[in-house]
Amino acid sequence: MSGRERAVSELRFNELRGEEVAYAIHRQERTFLPTREHCPLCPTLPGGPPTEIPAESFEIVVFENRFPAFEEPHGTAEVVVYTDDHDLSLGTLPAARAEALMWVWRQRYEELGARDEIDYVYVFENRGVEVGVTLHHPHGQIYGYPFLPPVPALELAADARLGGCAVCRLSSDELADGRRVLLADESIVAYVPQAARWPYEVHLALREHRPSLLQCEPRELKLLAGALQRLVRGFDALFARPFPYVMAVHQEPTRSGARLGGHLHAEFYPPLRTADKLKYPAGSEQGAGTFISDVLPEESAEHLRGALARAG
Amino acid sequence: MPDERPPPVVRPAGARSAGGVYLPAVAPSTPGTPPPEPTGSEPGERTPGEHGDERYGPLRITRTHKDDGRELIFFSDIRDERP
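All figures in this text were calculated on a predicted structure; none of them were measured in a lab.

S.K.: Got a sec to walk through the overall build of chain B? Specific residues and values, please.
M.R.: The helix and strand tally for chain B stands at zero helices and five strands. Going from N to C terminus, chain B has its helices and strands arranged as β-β-β-β-β. Every one of the 83 residues in chain B was classed for burial, and the buried ones make up 10%. For chain B, contacts bridging at least 24 residues in sequence account for 19% of all contacts bridging at least 6.

Laid out in structure tokens, this is it:
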């Protein structure tokens, strides 16, 4: 029986925490760190084993996850393969390909967000075994949630608390302060947040208020792609090794009939605190919800600026 | 002191509640049978029931389905094709 045939997800509401938990037990069987020769995200070559992508070459491909956490008609889980080259990364893609990826994200946001049952379209990338990656081929994912997840909901609550767009306010504050700013151009600002939870956490936002990719000018998409690439190359230069992270792209919720607010931005949560030591979310982080960091954001910003300069 | 907590809520499959929605079991798909066309695209954005190319910004979109029914979408940068 294939994973597809057994795909059954169940959502339960955790009353104590006030949040949903998704059960996708079929995912236990998903492909786990296959050899390079058996990478399911590589092209299908003549005489070679069939992969998820029945083509000898391709640019960007999106397909429904064989082992979905969410599935139509109750959301969706998609895989976004950035390239047919197994050895590239978001940082090392050709610039035009990275720019095209922004348009792919935008198209998926628009199409999935138009579905009645999808309240939130979430673009993300897990990179590195340290964050649970099971396939090394450069790719990201898109989940269409049939509810508003807690983290975007917290951002909306921050908007309400601050009396306006929180990302506009915080990114403006960071630019004014300057100590934690990593990149800034006419459209984009990247910074280590003043109260970062992870040692090398970085947020990257549009300077103009853009609720989602749909409101971005083509020029902004190009600059966004370039900034994301520079940042990832800087991460890799920090400890002279591929840098693991979770990249979360937050946009306006897509719940039908509602304009809930939001501001397009990417958040990177890297688990490393040194070249070979991980920051574990442990007792205080998991049991009390309070992160304890070993590095001040001002210091990590200084380290990252140096790495960005080395990466070029 | 009386227990003022509300009684536990039992949610039928598929019913939305204050807490969310249960996801009922998804019927197994038949290999080789494409699923219904998804809805929600803007009118004119694609031709229902067909797999013709679409354009989106600098991208050409080509849709197909895998043998097990999952949608597979190829995105190509048409800027690469300019002379």
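S.K.: Any details on the packing of helix H1 (residues 95-113) of chain A against helix H4 (residues 218-238) of chain A? Residues and values, ideally.
M.R.: Residue and element names in this part refer to chain A. It is at 8 Å that the axes of H1 and H4 come closest, and there the two elements cross at 120 degrees. It follows from the interaxial angle that H1 and H4 lie oblique. You can see that H1 and H4 cross each other, and the crossing is right-handed. The segment H1 lies against H4, with Ala95, Ala98, Glu99, Leu101, Met102 and Trp103 engaging Leu221, Lys222, Leu224, Ala225, Gly226, Leu228 and Gln229. For the contact of H1 with H4, the class distribution of residues is nine nonpolar, two polar and two charged.

S.K.: So what's going on with the sheet that holds strand E7 (residues 181-184) of chain A? Residues and values would help.
M.R.: The 12 strands lie next to each other as E7(A)-E8(A)-E9(A)-E11(A)-E10(A)-E5(A)-E6(A)-E4(A)-E3(A)-E5(B)-E4(B)-E3(B), forming an open sheet whose pairing is antiparallel. Of all strands in the sheet, those with a lone pairing partner are E7 of chain A together with strand E3 (54-56) of chain B, marking the two edges. Averaged over all pairs of adjacent strands, the angle between strand axes in this sheet comes to 20 degrees, irrespective of strand direction. Here four bridges tie strand E3 (residues 60-64) of chain A to strand E4 (residues 76-81) of chain A, and the two strands are oriented antiparallel to one another.

What counts and how
- The written sequence of each chain sets the order in which its residues are numbered from 1.
- In the order they appear in the text, chains get letters beginning with A and ligands get numbers beginning with 1.
- Side-chain atom pairs in this predicted model are given and counted only at pLDDT of 80 or more, local residue features only at pLDDT of at least 70, and totals for whole chains, interfaces and linings cover all residues.
- Numbering of helices and strands starts at the N terminus; helices are DSSP runs of H or I of at least 4 residues and strands are runs of E of at least 2.
- Remark: C-beta atoms are placed from the backbone, and a residue is labelled buried if 20 or more other C-beta atoms sit within 10 Å of its own, exposed if 12 or fewer do, or partly exposed between those counts.
- Once C-beta atoms are placed from the backbone, any two residues with those atoms within 7 Å are in contact.
- The convention used is that axes are lines fitted to C-alpha atoms, helices contributing only their stretch in contact, and that angles between N-to-C directions extend from 0 to 180 degrees.
- For classification, angles of less than 35 degrees are called roughly parallel, those exceeding 145 degrees roughly antiparallel, those between 65 and 115 degrees roughly perpendicular, and all remaining angles oblique.
- Handedness of a crossing is defined here by the sense of rotation of the near helix relative to the far one, left-handed for an anticlockwise turn of less than a right angle and right-handed for a clockwise turn.
- Under the convention adopted here, Pro, Cys and the residues Ala, Val, Leu, Ile, Met, Phe, Trp and Tyr are nonpolar, Asp, Glu, Lys and Arg are charged, and Gly plus all remaining residues are polar.
- At least two bridges found by DSSP between two strands is the condition for calling them paired.

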